[in-house]
Amino acid sequence: PAMVEIEKGTSLLRKMEISVAEAEKRTGKNTVNMQEIYTVYLIETRPVDALTEGITPDSLWRRYSEFELLRNYLLVTYPFVVVAPLPEKRAEIVWHKLSADNMDPDFVERRRVGLENFLHRVASHPVLCNDNIFYIFLTEVRNHLIFNLSVFFIQADSRLKAVNAAFRVKNPDGRFTELKHYSDELQTVLSQLLRVRARVADRLYGVYKVHGNYGRVFSEWSAIEKEMGDGLQSAGHHMDAYAASVDDILEEEEHYADQLKEYLFYTDALRAVCRKHELTQFELEMVALDLACKKQQKEELVTGTVRTFSLKGMTSKLFGQETAEQREAKLQVLEQQLKEGEEAVKEKNTESE
């Protein structure tokens, strides 16, 4: 289907309902022809109401790795956007009761909710919701789409690696420096909070287990006691009720922990934007410096004076000046390089803005 046009200032969610309805475990062969077990997620889309044109109810299955490809595509295509994070691939900062296995049903369910949140956030973004690849990802089962995204990501990988490379900007933008410090501080605080919460949850889980065990012991004990039977049974019920209430608290807290983790992953998304701006700023400074050098070279050629010590200056002193034809040829090359340099500076300025 053709991409549905979205009015400026609105979002795709105004026209389309998007849900990740269920998860399913499957077995298949991977890229090296080996059997593997993986999870797929059912994306369902439908028009918000009967009056919405161009959208038909649809459903398709996508793997987590396909969501990763989509997000990487958005990161490279829209460097100025804070792209919503994906839920974690494997459970991190977990406490005893939670499994770190990415096939664990509870973990898969929490990831399903996280993937739905991701799609909602992208679909409600005024820029991202208009992306054609995102629309195809939601509505069409196209193997070549995933292949093209894989190829795109391989090509863009050098750009993403460049973002992680070490470089120093001479004139950093204060707004981005402040934003980077904020995201670093937020990440530190949230990581500590989640780790403390995991330790507290472990202790509470210990309380849950102890009271659950006492509840069972008292219930069994009441069966063989005549005088104390009713009291023991009542105590057993109280222990069971207390254990159940602790379990409910832990379950409820897990939802809060998932939301905190989403904030934690957002700090990475914020830092990525800051880093991409730094890289653009660095490239701008490099092309501006190169342009200044070329302008100086042109001035030296025209006036015949060398401002700075160079091998070229020493050579001309030892072996004589260049001919007028040689100077003219060099000037023409420099003129072309200056033109290209000015275009590069203009392009980098636009990108930086």
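Residues numbered from 1 in each chain as written. Predicted model: local features only at pLDDT ≥ 70, side-chain atom pairs only at ≥ 80, totals over all residues. Heavy atoms only, no water.

An unreviewed UniProt entry lists the protein chain under the name Sorting nexin 4, with Oncorhynchus mykiss given as the organism.

This brings us to the overall build of the protein chain. Tallying secondary structure elements over the protein chain gives eight helices and three strands in all. Helices (α) and strands (β) of the protein chain occur, in sequence order from the N terminus, as β-β-β-α-α-α-α-α-α-α-α. Here the protein chain, with 353 residues, has 35% of them falling under the buried criterion. Sequence separation of at least 24 residues holds for 70% of the intrachain contacts in the protein chain that already meet a minimum separation of 6. For the protein chain, the accessible surface area stands at approximately 21800 Å², while carbon and sulfur atoms represent 54% of it. (Helix = DSSP H or I, 4+ residues; strand = E, 2+ residues; numbered from the N terminus. Buried < 20%, exposed > 50% of the residue type's maximum accessible area, 1.4 Å probe, protein only. Contact = heavy atoms within 4.5 Å. Areas by Shrake-Rupley, 256 points an atom, 1.4 Å probe, with all protein chains shown as cover.)

A few words now on the pairing of strand 2 (residues 35–47). Judged from the 13 bridges that link them, strand 1 (residues 16–29) and strand 2 form a sheet pairing that is antiparallel. Following the sheet pairing, R26 is matched in strand 2 by Y38. For strand 2 and strand 3 (residues 58–63), the ladder comprises six bridges, and the chain directions are antiparallel. From the neighbouring strand, E44 faces strand 3, where its bridge partner is S59. (Pairing = 2+ DSSP bridges.)

This part takes up the nonpolar core. Ranked by internal contacts, the top residues of the largest apolar core, which has 31 residues, are L12, F67, L74, F118, L119, F134 and L138. Among the secondary structure elements, those contributing two or more residues to this core are strand 1, strand 2, helix 1 (64–77), helix 2 (105–123) and helix 3 (132–139). (Core = buried A, V, L, I, M, F, W, Y, C linked by side-chain atoms within 4.5 Å.)

For the rest of this paragraph, the subject is the sheet that holds strand 1. Taken in spatial order, the three strands of this open sheet run 1-2-3, and their pairing is antiparallel. Edge positions in the sheet fall to strand 1 and strand 3, since each has one partner strand and no second. In this sheet, adjacent strand axes meet at a mean angle of 25 degrees when their direction is disregarded. Across the sheet, helix 1 lies against strand 2 and strand 3, angled at about 90 degrees from strand 3, the strand it touches most. The strands that helix 2 touches are strand 1 and strand 2; relative to strand 1, the one it contacts most, it runs at about 135 degrees. (Axes fitted to C-alpha atoms, helices over the stretch in contact; angles between N-to-C directions.)

With that settled, consider a nonpolar patch on the surface. Taken together, W221, I224 and M228 make up a surface patch of nonpolar side chains, about 330 Å² in accessible area. Along the chain, I224 falls in helix 5 (residues 174–224). For I224, a relative accessible area of 71% corresponds to the exposed category. (Patch = residues over 30% accessible without salt bridge, like charges linked within 9 Å, V, L, I, M, F, W, Y side chains within 5 Å. Salt bridge = Lys/Arg side-chain N within 4 Å of Asp/Glu carboxyl O.)

Right, let's talk about the packing of helix 1 against helix 2 for a bit. Helix packing for two helices is described by the angle between their axes and how far apart those axes are. In the contact formed by helix 1 and helix 2, the axes pass within 12 Å of each other and the chain directions differ by 30 degrees. Viewed along their axes, helix 1 and helix 2 adopt a mutual orientation that is roughly parallel. The handedness of the crossing between helix 1 and helix 2 comes out as left-handed. Contact residues: helix 1 offers Y64, F67, L70, R71 and L74, while helix 2 offers R111, L115, F118, L119 and V122. Tallied by class, the residues present in the contact of helix 1 with helix 2 amount to eight nonpolar, no polar and two charged. (Parallel < 35°, antiparallel > 145°, perpendicular 65-115°, else oblique. Left-handed = near helix turned anticlockwise from the far one by under 90°. Nonpolar A, V, L, I, M, F, W, Y, C, P; charged D, E, K, R; others polar.)

Contact geometry for helix 2 and helix 6 (residues 229–303): axes closest at 12 Å, N-to-C directions at 45 degrees. The angle between the axes of helix 2 and helix 6 places the two elements in the oblique class. In the packing of helix 2 onto helix 6, the handedness of the crossing is right-handed. Along the contact surface, helix 2 presents R110, N117 and R121, while helix 6 presents E254, D258, E262 and Y266. In terms of residue class, the contact of helix 2 with helix 6 is made up of one nonpolar, one polar and five charged.

Next up on the list: helix 3. Across the eight residues of helix 3, six count as buried, placing the element largely inside the fold. For helix 3, the complete set of buried residues consists of F134, Y135, I136, F137, L138 and T139. The backbone nitrogen of I133 lies 2.9 Å from a side-chain oxygen of the residue at the head of helix 3, namely D131. (Polar contact = N/O pair within 3.5 Å; in protein donor to acceptor, adjacent residues only side chain to side chain.)

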